[in-house]
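Analysis of the macromolecular model
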There are 2 protein chains.
Amino acid sequence: MLLTEMNKDQLIAFKNDVQKEYDDFKNQGLSLNMARGKPSSSQLDLAMKMLAAVNSYDADYKASDGTDCRNYGGLDGIIDAKNIFSQMLGVSNDEIIVCGNSSLNIMYDTIAKCIIFGVDGVQKPWKDYEKIKWLCPAPGYDRHFAICESFGIEMITIPLNEDGPDMDMIEKLVAEDDTIKGIWCVPMYSNPTGITYSDETVKRFANLKPAAKDFRIFWDNAYCIHHLTDTPDTLLNILDECKKAGNDDMVYMFASTSKITFAGGGIAVMATSKANVDYIKSLMTVQTIGFDKINQLRHAKFFGDYNGLMKQMDKHREILQPKFEMVLDTLDREIAPLGIGRWHKPRGGYFVSFDTIDGCAKRVCQLCKEAGVVLTGAGATFPYGKDAHDSNIRIAPSFPPVEELELAMKLFVTAVKLATAEKLLESK
Amino acid sequence: MLLTEMNKDQLIAFKNDVQKEYDDFKNQGLSLNMARGKPSSSQLDLAMKMLAAVNSYDADYKASDGTDCRNYGGLDGIIDAKNIFSQMLGVSNDEIIVCGNSSLNIMYDTIAKCIIFGVDGVQKPWKDYEKIKWLCPAPGYDRHFAICESFGIEMITIPLNEDGPDMDMIEKLVAEDDTIKGIWCVPMYSNPTGITYSDETVKRFANLKPAAKDFRIFWDNAYCIHHLTDTPDTLLNILDECKKAGNDDMVYMFASTSKITFAGGGIAVMATSKANVDYIKSLMTVQTIGFDKINQLRHAKFFGDYNGLMKQMDKHREILQPKFEMVLDTLDREIAPLGIGRWHKPRGGYFVSFDTIDGCAKRVCQLCKEAGVVLTGAGATFPYGKDAHDSNIRIAPSFPPVEELELAMKLFVTAVKLATAEKLLESK
């Protein structure tokens, strides 16, 4: 029976039953964390052999072009790493920069440079505007929004649909307002909703006609090869589409191996037009002599080639897929019949995005927290932490072992039931 | 006989002899590079065992406090790395942040954050000034000056003496002008002159009374343990002195292992007051989830402790000391009797700074280049690349094997003789 169809007495009885279940959980003294999209220990184990890929008992520290990876030099990354990651992103080797351990850091630095220097050395630096604005498809990635907030960039929330952000709205806004300078996109297996932008969405992005010549699409393709099924989503190459549309310089692509090798010790890449790469390198050469080439070589040797990288992803899938299935099965079994939540079944990525009925997300997170399970804070998936509907919760199934996840999900659905019953009773 | 005491005929004869020697070099088709302070291959070999310090065949990837270094988390560095480098810099563990592979990158980012956010969240961001200025003791490190130039910060050249920069000038300038926001210092075995700041100099730094509350000393202690003799220089701890003077927050210290382990794959640290650390972390947490903790652990395990680090430095000294001796012996033998150059005998660091008579440095570098030996460009050791006397040349003996260095130095002194004779003949 749908919860919304229950009368007051039925709801009270339901709530009392669920309250008992919840209290039982509370007495168990759980201590689980599902707040962040962290790889599990067993996923990290998959890359342990990489630690010996550049080892101490031979002279194998040279890139294939002879570069001594132990010494200074080589701003844009070693050829062996470029070969693999340019294929992953579908770009050429002069359209990619292989960096340090964090793609978030590159995104932050890219915006910082736009603020101080401007996007291309020609346009006005963003610091010289009274105010600049940013488009934020939401639910989205809280750390993206935190960057905007830190820099004082005004965020405009854009609804995120099953095929990508609301393009009508985006096209209209960027055409009208030349202080809109950028947009965050996680185009594949979006964080947190798990959707992938349709071909039409990508084409519409590539064909934007922004009033601001220095408008840039921040294309955070963090999950581009993080498939969880035999029928993975596909994503059109936006750099190719931008070139077709004569918007060659409009997109910056980002990715990393944080969820492929080590979240603490992976490598990150940025890809964009050659003109953008050249300009960014001209600034970057003042910032650093170069990134950690040994770790780049370690990665390149461990993967061997792009196929090796994809084989590594299959191993991740083996570990992650059962976790996602368990989350989705639990929701199907416990929540669907009651009609008190919506979610997308992602074919990849790191999250399940759950929408309660309006006004319950904070309460669900609070109930879980009080029973010992920490979720990503309600609201975190929206700019300024403000979910107007108080309904979105990001579930991150990757980190806990499957038996802990099962327990956490049982608590989660109990909390959803309890919070929803409480909410519905308010208006009875 | 001193070159300056020769008459025209003697000088012409001298020049003709030297020209022949030079032409012989030119015909040898040399191709050597002494432009940068790069460790040699044999120095890099010293750290090869570090590559196995965190290995693939045990579960030894945890920091001593249990942190899994393979995963996200831990913004300010792992405890094991902090323990070693806080001792190196003489600070406590809450006064240090262990970062990625490049101290230059931290310095750059620190200034970028001061420009965008201000130094402490209270003072006006530097972007909101019409112009800000920076003090640059020179000869100094070209990459420091490049950062200022890139950010459009006006550089004021400060003479660098045997005991440090001209403190009278610095005290006067910072007291008068509140748009002077910082100063570059390489306080120990200075790049390039090799001098170490005297205790009095450090104390005068710590007791500065800048008009700008957001004036900061950028204390790049890159060579703090890079001794080359049994009687190393000593440097007073500036953070301690700043605390005594009530200027707790005035200094940022930097260092790295670029010239200890791998120049491409070392780790870098920043140390400053706890208040500064807290503020910087509050900004940094938006920039990155964390630095490469596996590489931090690799370093900590390889060194073991601070004594292990110092033992590693002894091995570097064994390789570097003969190179420095050869450079200095060659200068003593070939240049001193002619009276056509000045240099400091450094007790550590990476460079020998050579001053020609006025107006010869560019010519010397050109002559060397045309004969196949690349030196750091003349003028590079001064702000805007402008050496008013055209006399300073940075000699970087570390990279070439000793036999190549010998050849390069023979060419160098020949070029100095030739350029000086040419110069002196101009006024005969």
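All values reported here derive from a predicted model rather than from experimental measurement. The numbering scheme is per chain: residues are counted from 1 as the chain's sequence reads. As they are written, the chains are lettered A onward and the ligands numbered 1 onward, keeping that order. Since the coordinates come from a predicted model, pLDDT governs what is reported: local features require at least 70, and pairs of side-chain atoms require 80 or more to be given and counted, while whole-chain, interface and lining totals use all residues. Computation of side-chain values covers all heavy atoms of the structure but excludes hydrogens and water.

Here the focus is the overall build of chain A. Secondary structure follows DSSP: runs of H or I at least 4 residues long count as helices, runs of E at least 2 residues long count as strands, and numbering of each begins at the N terminus. Tallying secondary structure elements over chain A gives 13 helices and 13 strands in all. Note on method: radius of gyration uses C-alpha positions; expected globular size equals 2.2 Å times residues raised to 0.38. Computed over its C-alpha atoms, the radius of gyration of chain A comes to 23 Å, within 12% of the 22 Å expected for a compact globule of 428 residues. Expressed along its principal axes, the backbone C-alpha trace of chain A runs to roughly 75 × 60 × 35 Å. Burial classification: accessible surface area is computed with a 1.4 Å probe over protein chains only, and a residue below 20% of its type maximum counts as buried, one above 50% as exposed, and the rest as partly exposed. Burial status across chain A gives 62% buried among its 428 residues. Between two residues, a contact is recorded if the distance between any of their heavy atoms is within 4.5 Å. A separation of at least 24 residues holds for 76% of the contacts in chain A among residues at least 6 apart in sequence. Surface exposure of chain A reaches about 15,500 Å², of which carbon and sulfur atoms provide 48%. Charged residues are defined here as Lys and Arg on the positive side and Asp and Glu on the negative side; His and the ends of the chain fall outside this count. By convention, charge coordinates are those of NZ in Lys, CZ in Arg, CG in Asp, or CD in Glu. Side-chain charges in chain A split into 48 positive and 59 negative, and the spacing between the mean points of these groups amounts to 3 Å. Per-residue and other accessible areas follow the Shrake-Rupley method at a 1.4 Å probe size, with only the shown protein chains counted as cover for residues.

Residues and elements named next belong to chain B. Judged by which residues are buried, strand 9 (residues 268-271) turns out to be covered on both faces: Ala-268 and Met-270 on one side and Val-269 and Ala-271 on the other are all buried. Here a strand pair is declared whenever DSSP counts at least two bridges between the two strands. The pairing of strand 2 (residues 96-98) with strand 9 spans three bridges and is antiparallel. Following the sheet pairing, Val-98 is matched in strand 9 by Val-269. With four bridges connecting them, strand 8 (residues 251-256) and strand 9 associate as antiparallel partners. Bridged to Met-253 within strand 9 is Ala-271.

Next up on the list: helix 9 (residues 274-287) of chain A. All names here are of chain A. By this rule, a helix spans an expected 1.5 Å times one less than how many residues it contains. Compared with an ideal rise of 1.5 Å per residue, which puts 14 residues at 20 Å, helix 9 spans 20 Å between its outermost C-alpha atoms and is within 8% of the ideal. Throughout, bend refers to the angle between the axes fitted to the seven residues that end at a position and the seven residues that start at it. Approximately 25° is the largest bend angle found in helix 9, and it occurs at Lys-281. Among all positions in helix 9, only Asn-276, Val-277, Tyr-279, Ile-280, Leu-283, Met-284, Val-286 and Gln-287 are buried.

Side-chain atoms within 4.5 Å are what join buried Ala, Val, Leu, Ile, Met, Phe, Trp, Tyr and Cys residues into a set we call a nonpolar core. Of all hydrophobic cores here, the largest spans 88 residues; its most connected members are Ile111(A), Phe151(A), Trp184(A), Ile111(B), Phe151(B) and Trp184(B). Not counting residues within four places of it along the chain, the set of residues in contact with Phe151(A) comprises Tyr108(A), Ile111(A), Ala112(A), Ile115(A), Ile116(B) and Phe117(B).

This part is about the side chain of Lys417(B). Examined against the element boundaries, Lys417(B) turns out to sit in helix 13 (residues 402-426). Using a relative accessible area of 9% as the deciding quantity, one classes Lys417(B) as buried.

A word on the relation of the copies chain B and chain A. Expressed as a screw operation, the relation of chain B to chain A combines 0.0 Å of axial shift with a rotation of 180°, fitting to an RMSD of 0.0 Å. Read as a symmetry element, the transformation amounts to a two-fold axis. Least-squares fitting of one copy onto the other uses the C-alpha atoms of those residues that reach a pLDDT of at least 70 in both copies.

Residue and element names in this part refer to chain B. Backbone torsion omega between Ala-138 and Pro-139 reads 10°, so that peptide bond is classified as cis. At the junction of Asn-191 and Pro-192, the peptide bond is cis and its omega measures out at 10° in the coordinates. Take Pro-192: it is sitting in the loop between strand 6 (180-185) and helix 7 (199-206). Of note in the backbone geometry, Tyr-189 takes a positive phi value of approximately 45° without being a glycine.

On the chain A side, the residues contacting the 58 residues of chain B number 58 residues. By the criterion of area lost to chain A, the three top residues of chain B are Arg70(B), Tyr72(B) and Val286(B), representing 16% of everything that side buries. Whenever a carboxyl oxygen of Asp or Glu lies within 4 Å of a side-chain nitrogen of Lys or Arg, that contact is scored as a salt bridge. Along the contact surface separating chain B from chain A lie two salt bridges. With its nearest N and O atoms 2.7 Å apart, the salt bridge here joins Arg70(B) to Asp45(A). Between N or O atoms, a polar contact is any pair within 3.5 Å; within protein, one atom must be a potential hydrogen donor and the other a potential acceptor, and residues adjacent in sequence are included only when both atoms are from side chains. Where chain B touches chain A, the interface holds 20 residue pairs in polar contact (both at pLDDT 80 or more). Amino acids outside the nonpolar list (Ala, Val, Leu, Ile, Met, Phe, Trp, Tyr, Cys, Pro) and the charged list (Asp, Glu, Lys, Arg) are all regarded as polar, and Gly is one of them. Partitioning the side of chain B that touches chain A into residue classes produces 27 nonpolar, 17 polar and 14 charged. Values labelled buried area give the accessible surface lost by two parts on being combined, using a 1.4 Å probe and summing over both.

What follows concerns the pairing of strand 11 (residues 352-356) of chain A. Residue and element names in this part refer to chain A. In terms of burial, strand 11 is largely enclosed, as five of its five residues are buried. Because side chains alternate across strand 11, one face comprises the buried residues Val-352, Phe-354 and Thr-356, and the other comprises Ser-353 and Asp-355, equally buried. When strand 11 meets strand 13 (residues 392-395), the two strands line up antiparallel, connected through four bridges. Bridged to Phe-354 within strand 13 is Ile-393.

All names here are of chain A. Across the sheet, three strands lie side by side as 10-11-13; this open sheet has antiparallel pairing. Looking at which strands have only one partner, the edges of the open sheet turn out to be strand 10 (341-343) and strand 13. Neighbour-to-neighbour, the strand axes of the sheet open up by a mean angle of 25°, direction not taken into account. To get an axis, fit a line to the C-alpha atoms, keeping to the stretch in contact for a helix; angles then go from 0 to 180 degrees between the N-to-C directions.

Once that is clear, we can look at the packing of aromatic side chains. Residues and elements named next belong to chain A. For this analysis, a ring pair means two rings from Phe, Tyr or Trp (six-membered ring only for Trp) whose centres lie within 6.5 Å, classed as stacked if their planes differ by under 30 degrees, edge-to-face if by over 60, and tilted for the remaining angles. One pass over the structure, following the stated rule, counts 36 aromatic pairs over all chains. Note on Tyr-197 and Trp-219: the rings are 5.5 Å apart at their centroids and 85° apart in plane angle, and the pair reads as edge-to-face. Of the two residues, Tyr-197 is situated in the loop between strand 6 (180-185) and helix 7 (199-206) and Trp-219 in strand 7 (residues 216-220); the sequence distance between them amounts to 22 residues. According to the relative accessible area criterion, Tyr-197 is buried, its value standing at 2%.

What follows is about helix 11 (residues 306-334) of chain A. Residues and elements named next belong to chain A. End to end, helix 11 covers 41 Å across 29 residues, agreeing with the expected 42 Å (1.5 Å per residue, within 8%). By the largest-angle criterion, Leu-320 marks the main kink of helix 11, which is about 35°, and a proline, Pro-322, follows within four residues. Backbone nitrogen of Asn-307 and a side-chain oxygen of the N-cap are separated by 3.1 Å at the start of helix 11; the cap is Asp-305.

Residues and elements named next belong to chain B. In spatial order, the strands read 10-11-13; together these three strands make up an open sheet with antiparallel pairing. A single partner strand is all that each edge strand has here, and the edge strands are strand 10 (341-343) and strand 13 (392-395). Each strand axis lies, on average, 25° off the axis of its neighbour in the sheet, ignoring direction. With three bridges connecting them, strand 10 and strand 11 (residues 352-356) associate as antiparallel partners. Of the residues in strand 11, the one forming a bridge with Arg-342 is Asp-355. Across the face of the sheet, helix 11 (residues 306-335) comes into contact with strand 10, strand 11 and strand 13 while running at roughly 20° to strand 11.

Residue-level confidence of the predictor is summarised by pLDDT, bounded by 0 at the bottom and 100 at the top. The share of residues in chain A with pLDDT of 70 or more is 100%, and the mean pLDDT across the chain is 96. Taken together, the chains of this predicted complex give a pTM of 0.97 and an interface ipTM of 0.96.

Residues qualify for a patch when their relative accessible area is over 30% and they have no salt bridge, like charges being joined within 9 Å and the nonpolar side chains of Val, Leu, Ile, Met, Phe, Trp and Tyr within 5 Å. Negative charge collects at one region of the surface, where Asp17(A), Glu21(A), Asp23(A) and Asp24(A) lie side by side. The topology assignment puts Asp17(A) in helix 1 (residues 8-27).

Quick look at the packing of helix 12 (residues 361-370) of chain B against helix 13 of chain B now. Residues and elements named next belong to chain B. Close contact between helix 12 and helix 13 brings their axes to 9 Å; oriented N to C, the two are set at 130°. Between helix 12 and helix 13, the angle falls in the class oblique. Regarding helix 12 and helix 13, the two cross each other, and that crossing is right-handed. Counted together, Arg-363, Val-364, Leu-367 and Cys-368 of helix 12 and Leu-411, Phe-412, Ala-415, Val-416, Leu-418, Ala-419 and Glu-422 of helix 13 form the full contact between these two elements. Counted by class, the contact of helix 12 with helix 13 contains nine nonpolar, no polar and two charged residues. Angle categories are assigned with fixed cut-offs, so that under 35 degrees is roughly parallel, over 145 is roughly antiparallel, 65 to 115 is roughly perpendicular, and the rest are oblique. Here is the rule for handedness: rotate from the far helix to the near one, and if that takes an anticlockwise turn smaller than a right angle the crossing is left-handed, while a clockwise turn gives right-handed.

Another aspect to go through is the side chain of Arg394(B). All names here are of chain B. With respect to the element layout, Arg-394 can be found in strand 13. Side chain to side chain, Arg-394 and Asn-191 meet in a polar contact 3.2 Å long. A polar atom in the side chain of Arg-394 sits 3.2 Å from the side chain of Thr-376. Setting aside anything within four residues of it in sequence, one finds Arg-394 in contact with Ala-35, Arg-36, Gly-37, Tyr-141, Asp-142, Asn-191, Pro-192, Phe-351, Val-352, Thr-376 and Thr-381.

Let us look at the pattern of salt bridges. Enumeration according to the criterion identifies 49 salt bridges over all chains in this entry. In this structure, Lys281(A) and Asp76(A) form a salt bridge, with 2.8 Å as the shortest nitrogen-oxygen distance. Of this pair, Lys281(A) sits in helix 9 while Asp76(A) sits in the loop between helix 2 (41-45) and helix 3 (79-89); the two residues are 205 residues apart in sequence, bridging distant segments of the chain. For Lys345(B), the salt bridge identified is with Asp332(B), shortest N-O distance 2.8 Å. With a gap of 13 residues between them, Lys345(B) in the loop between strand 10 and strand 11 and Asp332(B) in helix 11 connect regions that are remote in the sequence. Since its relative accessible area comes to 45%, Lys345(B) is described here as partly exposed. What makes Asp332(B) partly exposed here is its relative accessible area of 30%. The network of salt bridges with common partners includes Asp168(A), Glu171(A), Glu200(A) and Arg204(A).

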